[in-house]
Amino acid sequence: MFHIFCPHCGEYREEEEFHAKGEAHIARPLDPDACSDEEWGEFLYFRKNPRGIHHELWVHAAGCRKFFNITRNTQTYEILEVYKLGETPSVVAE
Amino acid sequence: MSDVNNEALEQAPIKLVMNQLPAIDVPFESPLHHVELAKIAEHGESQGGVVFRELSLGLLTLRCTPNAEQATSIEAILGVALPSKPLTSVSSASGELTVMWISPDEWLLQVPQDKAFELETRFFAEVGGHYSLVNVSGGNTVFELSGEDVVKVLKKSTPIDFHDSEFPVGKVVSSVFAKSGATICRTAEQSYQLVVRRSFADYLWLWLQDASKEYGLTVTC
């Protein structure tokens, strides 16, 4: 089980209250009509699956129902950082 | 041609608020009406370690990111400022109104059932700008759990830490509760309020009976 710090509630809660929402920082193309099929396909379907540091989007589903990002090591499961949407992560893969 | 004057409507937007209590003589039906809590209160156990009571309260969900002007007018209506500190609640001096922090832009207002409509009407008359206020009394119900073994029952139901240092009086959390969810507020040393979904009321009542069996459950009205 993860023990996750919710940056909106300001305290640690059990993983049970959260849902993982996949990779973070996926920007929707500003002009979808001008996208090539490949670009749109990349945006919709293709995700990173790194071994090591990964930025993920999570939602505090049973609590404040707000979204936030987690930087997590997929190998050790260690949560390295929690930050709100729009903020820049300080821990990044080299 | 329609004889509705669109110009007048646009100039003074009308916010329609419906009183969810149609008349004094129309009884409010609790989601636990089939349980007949009054009969259990009369004939059931009286020395239980856990005391259960269902409260009929008016509940309003306020969503906004108040600007200075809105904050002032909201405080004027409520008599207290919206708690901005996460997981806290405030009550008015009379104790009639409680405001619970739910999320950074959401609060739950608790008032006596017959005051909800009045509060809602005042809000739309006096608070301007962008916000949403919805009467959610009909979709939720409030359980009050108290007694010396209340924390033991809560611990069986949710992963929240109920130690005094972590969960002081006035704290409010939303979390999973049994296989459902609840907003839990500590109202006194040994008293907790659970705001639960109406459709889960029966399930949670059965759950709480089972969870408090070993301590004894007293029902009051």
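Per-chain numbering applies: the sequence of each chain, read as written, is numbered from 1 onward. Here the convention is simple: chains get letters from A, ligands get numbers from 1, in the order in which they are written. Given that this is a predicted model, residues contribute local features only at a pLDDT of at least 70 and side-chain atom pairs are listed and counted only at 80 or more, while totals for whole chains, interfaces and linings are drawn from all residues. Based on all heavy atoms of the structure, the side-chain values leave hydrogens and waters out of the count.

An unreviewed UniProt entry annotates chain B as Sarcosine oxidase subunit gamma originating from Marinomonas aquiplantarum.

An unreviewed UniProt entry lists chain A under the name Sarcosine oxidase subunit delta, from Marinomonas aquiplantarum.

1. With respect to the overall build of chain B
Each helix is a run of DSSP H or I of at least 4 residues and each strand a run of E of at least 2, with the numbering of both proceeding from the N terminus. When its secondary structure is counted, chain B shows 6 helices and 11 strands. With the C-alpha coordinates aligned to their principal axes, the bounding extent of chain B is approximately 70 × 40 × 30 Å. Each residue gets one of three labels from its accessible area relative to the maximum for its type: buried under 20%, exposed over 50%, partly exposed in between, using a 1.4 Å probe on protein chains only. A buried classification covers 46% of the 221 residues belonging to chain B. Pairs of residues are marked as contacts when any of their non-hydrogen atoms sit within 4.5 Å. In chain B, the proportion of contacts linking residues at least 24 apart, taken out of those at least 6 apart, comes to 65%. Split by element, the accessible area of chain B, about 11700 Å² in all, is 53% carbon and sulfur. Counting 16 positive and 28 negative side-chain charges, chain B places the centres of these two groups 7 Å from one another. In this description, accessible areas are obtained by the Shrake-Rupley approach with a 1.4 Å probe, and a residue is regarded as covered only by the protein chains that are shown. In this tally, Asp and Glu contribute negative charge and Lys and Arg positive charge; neither His nor the terminal groups of the chain are included. Where a charge sits is defined by one atom per residue type, namely NZ (Lys), CZ (Arg), CG (Asp) or CD (Glu).

2. Points about a nonpolar patch on the surface
Residue and element names in this part refer to chain A. Exposure above 30% relative accessible area and the lack of any salt bridge qualify a residue for a patch; like charges then connect within 9 Å, and the nonpolar side chains Val, Leu, Ile, Met, Phe, Trp and Tyr within 5 Å. We count a salt bridge whenever a side-chain nitrogen from Lys or Arg sits within 4 Å of a carboxyl oxygen from Asp or Glu. Residues L44, Y45 and F46 make up a contiguous nonpolar surface patch of about 370 Å² in total accessible area. Mapped onto the fold, Y45 is located in helix α1 (residues 37-45). For Y45, a relative accessible area of 64% translates into the label exposed.

3. Details of the state of the cysteines
The term disulfide refers to a covalent linkage connecting the sulfur atoms of a pair of cysteines. By definition, disulfides here are pairs of cysteine sulfur atoms that lie within 2.5 Å. What the rule picks out here adds up to 0 disulfides over all chains. Of all cysteine sulfurs in the structure, the one in C64 of chain A sits closest to C6 of chain A, which takes part in no disulfide; the separation is 3.8 Å.

4. Points about helix α5 (residues 150-157) of chain B
Residue and element names in this part refer to chain B. Taken together, the buried positions of α5 are V150, V153, L154 and S157. The buried residues of α5 occupy an angular sector of 100° when the element is viewed end-on, so they sit on one face. Its buried side turned inward, α5 meets β1 (50-55), β7 (140-146), β8 (172-177), β10 (191-197) and α6 (201-211). Directions from the helix axis toward the C-beta atoms define the arc.

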